[in-house]
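Survey of secondary and tertiary structure
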Amino acid sequence: MDLKDKILELQRRREIAAKGGGDKAIEKQLSMGKLTARDRINALLDPDSFHEYDLFVQHDAKDFGMDKKELHGDGVIVGTGTINGRPISIFAQDFTVVGGSLGRMHAGKITKIMDHALKMRMPLIGINDSGGARIQEGVNSLAGYGEIFFRNTLASGVIPQISVILGPCAGGAVYSPALTDWVFVVDKISKMFITGPEVIKSVLGEEISQEELGGARVHAEITGNAHFFAHSEQECFEQIKKLLSLIPWNNEEKAPRAVPKPPKAEYDIEKIVPVDPKEPYDVRDVIKAIVDDSDFFEVQELWAANAVIGFGRINGETVGFVANQPLVLAGVLDVDSSDKIARFIRYCDAFNIPIVTLVDLPGYLPGIDQEHMGVIRHGAKILYSYSEATVPKITIILRKAYGGGYIAMGSRHLRSDFVFAWPTAEIAVMGPEGAANIIFKKEISEAPDPEAMRREKVKEYTEKFANPFVAASKGYIDSVIAPFETRKYIAHAIEVSVNKDAGLPRKKHGIPPF
Ligand code: HXC
């Protein structure tokens, strides 16, 4: 054989190996409205940038007829490439090869590319489309998952880890995405559950569809497991590219800078927030009135909507926004919104992204449901995350900042670097009505006209505390600013925080209220 023949032989082997599970299985995959693993990679990465490794890896299982099966690539495609011109590592499970199930060698391909991504300090993207642990391989499959989870944990906070659920992600397989930073789901395609409908039927006798159990909407709206929801695979890939354009490649870098742009004129910051603290508004409009080109990339938009989190740019620099949403439950904090906010703060802190907090909330949600769901433990996560974060922290109080909500939402006391308040801000232990009812209870009940007395006492309390000047007089607020000055103040705060150096006491790690 001369070199030409050897190259032809290589090409022949490549073509066979790249065939996946064969034409019939590929047809089935396409008929389910799904792309093949290879097409997914090509659609997501920059054209011609993908370089594949371990194409010729074969499983080594012998039981249950596996010794007679040749599995092309062992059901997963791995490699490196670029997105927006920057390097990434990727694996994509191939459902056409025994349901993308994970055996020993399949897991070995994934852990090898994970090690590579961590060593090279580049993002890791995992496309999940799999029936879970390969049943024929027994404990070897379980071992493979364990090796993946361990690496997910080591890489956490060092490189961005993205999970894309484009098919089933069943059984223990769900825990790899759960350990990663970002989970993307696509309507009607993504299915994530620990125990599938068949197990539920046999154990509990209940009939339930995969969609109802763990479809994309379930995880985007109810569980909060997903961070981004798309209607098609293509839309999902666009979301991934957008996210990657906003975040740094590893924890020692800063997010890429973009050309600064002013917000769009249609978002007039003076007209968005009603002065009456009881009137709702969409806080996303405030963010759009502040960020470059009014371009706000929201995270977990459909879950715990009483809090808003996401990324935008100010003068070209990426900023993480945390805001109460007066449009939903008056913007109160509850169990889910606490989890949502706390985790996002930790992401921004790990990856050198300044945090801007917009405050307008009546406090934590009262009631037996929340108490029994553990609002004490979940709510504490926000305090922990803000206190621990050492990136620049800038807080703007727009209107209400009552009680625990005032402290939790990036207050000076949790070491925010800059705290500004609009003239409409109200900072108090609770709303004037509730406060007056408690501290003037006797005067009100004993007055000849209790209702008139109540109104008078509410007015008195409002005049005393429902403004930012008491807090400003103590130095808890650095500046009271007009709404139109907000962008300028944030931009300046970021500019003068470039060399921020705020250490934490030496410790192995803290014990957050998980
Ligand atoms: C081996 C598997 C498999 C698996 C699917 N296949 N899952 N082979 N191990 N886990 C094979 C099927 O036998 C079939 O092979 C092919 O993949 C396509 O599967 P279908 O069932 O025909 O596809 P579909 O109807 O679309 O259903 C997809 C599915 C279903 C919902 C994912 O296959 C399913 O329920 N699979 C089992 C899910 C599961 O319980 N996994 C184990 C969880 S335990 P042929 O040859 O017919 O084409 C677990 C523990 C990990 O993961 C613990 C870590 C901590």
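Cut-off values and rules
Residues numbered from 1 in each chain as written. Predicted model: local features only at pLDDT ≥ 70, side-chain atom pairs only at ≥ 80, totals over all residues. Heavy atoms only, no water. Helix = DSSP H or I, 4+ residues; strand = E, 2+ residues; numbered from the N terminus. Buried < 20%, exposed > 50% of the residue type's maximum accessible area, 1.4 Å probe, protein only. Contact = heavy atoms within 4.5 Å. Areas by Shrake-Rupley, 256 points an atom, 1.4 Å probe, with all protein chains shown as cover. Lys, Arg positive; Asp, Glu negative; His and termini not counted. Charge placed at Lys NZ, Arg CZ, Asp CG, Glu CD. Pairing = 2+ DSSP bridges. Right-handed = clockwise from strand over helix to strand, strands pointing away. Expected span 1.5 Å × (residues − 1). Arc of directions from axis to C-beta. Salt bridge = Lys/Arg side-chain N within 4 Å of Asp/Glu carboxyl O. Phe/Tyr/Trp six-rings, centres within 6.5 Å; stacked < 30°, edge-to-face > 60°. Near = heavy atom within 4 Å. Polar contact = N/O pair within 3.5 Å; in protein donor to acceptor, adjacent residues only side chain to side chain.

**Some thoughts on the overall build of the protein chain**
Secondary structure summary: the protein chain contains 21 helices and 16 strands in total. Reported as C-alpha extents along the three principal axes, the dimensions of the protein chain are approximately 105 × 55 × 45 Å. Taken over 514 residues, the protein chain has a buried fraction of 52%. The contacts in the protein chain between residues at least 6 apart in sequence include a share of 72% that link residues at least 24 apart. Summing over all exposed atoms, the protein chain offers an accessible surface of approximately 24,000 Å²; the carbon and sulfur share of this is 57%. The average position of the 61 basic charges and that of the 69 acidic charges among the side chains of the protein chain differ by 4 Å.

**Let's talk about the pairing of strand β14 (residues 418-421)**
In the case of a regular strand, side chains alternate between the two sheet surfaces. Pairing between strand β13 (residues 393-402) and β14: four bridges, direction parallel. Bridged to Ile 396 within β14 is Phe 420. As a crossover connection, the stretch from β13 through helix α16 (residues 403-408) into β14 is right-handed. Bridging between β14 and strand β16 (residues 479-480) involves two bridges; their strand directions are parallel. Bridging from a neighbouring strand, Ala 421 pairs with Val 480 of β16.

**Some points on helix α19 (residues 450-465)**
Over its 16 residues, α19 extends 22 Å from the first C-alpha to the last, a length consistent with the 22 Å expected when each residue adds 1.5 Å. Here α19 has its buried residues at Arg 454, Lys 457, Val 458 and Tyr 461. Down the axis of α19, the smallest arc covering the buried residues is 105 degrees, so these residues share one side. Pointing more than 90 degrees away from the buried face of α19 are the exposed residues Arg 455, Lys 459 and Glu 463. Of the surrounding secondary structure, the elements contacted by the buried residues of α19 are β15 (426-428), α17 (432-439) and α18 (441-446).

**Concerning the side chain of Arg 86**
Relative to the helices and strands, Arg 86 is located in strand β3 (residues 86-93). One buried charged residue, Arg 86, forms no salt bridge at all, with the nearest opposite charge on Glu 253 at 4.4 Å. Setting aside chain neighbours within four positions, we find Arg 86 in contact with Gly 81, Leu 244, Ile 247, Pro 248, Trp 249, Glu 253 and Pro 256.

**Focus on the packing of aromatic side chains**
Between two aromatic rings, the relevant description is the distance of the centres plus the angle of the planes. For the structure on display, the rule yields 12 aromatic pairs. Measuring from centroid to centroid gives 5.2 Å for Phe 311 and Phe 344, while their planes differ by 50 degrees, and the two rings are tilted. Taken together, the residues span a long stretch of sequence, with Phe 311 in strand β10 (residues 307-314) and Phe 344 in helix α13 (residues 335-350) at a distance of 33 residues. As far as the burial class goes, Phe 311 and Phe 344 line up, both buried. Centroid distance Tyr 461 to Phe 465: 5.2 Å. Interplanar angle 50 degrees. Geometry classified as tilted. Of this pair, Tyr 461 and Phe 465 both sit in helix α19, four residues apart, which is roughly one turn of the helix. The exposure class of Tyr 461 is buried, given its relative accessible area of 10%.

**Quick notes on helix α9 (residues 216-223)**
Residues of α9 that are buried: Ala 216, Val 218, His 219 and Ala 220. Those residues of α9 that are buried are in contact with β6 (182-186), β7 (191-193), α8 (210-214) and β8 (228-230). Just beyond α9, the residue with positive phi is Gly 224, at close to 75 degrees.

**Here we look at the site of the ligand**
Taken together, the neighbourhood of the ligand is formed by 19 residues, with Lys 28, Gly 99, Gly 131, Ala 133 and Ile 135 sitting nearest. Taking Lys 28, its side chain carries an N or O atom lying 3.1 Å from an oxygen atom of the ligand. Note that an oxygen atom of the ligand is positioned 3.0 Å from one of the backbone N or O atoms of Gly 99. Isolated, the ligand exposes 1,000 Å² of accessible area, and the fraction of that covered by the protein chains is 55%. Looking at the shell around the ligand, the elements with two or more residues in it are α5 (139-155) and β5 (161-170). Residue contributions to the shell around the ligand peak at three residues, all from α5.

**A closer look at the pairing of β3**
Most of β3 sits out of view: seven of its eight residues are buried. Relative to β3, strand β2 (residues 76-83) runs antiparallel, the two being bridged by eight bridges. For Gly 79, the partnering residue across the bridge sits in β3 and is Ile 90. Between β2 and β3, which pair antiparallel one after the other, the connecting turn spans two residues, and Asn 84 there sits at a positive phi close to 50 degrees. Pairing geometry for β3 and strand β4 (residues 124-130), over four bridges, is parallel. Its bridge partner being in β4, Phe 91 is matched across the sheet by Gly 126.

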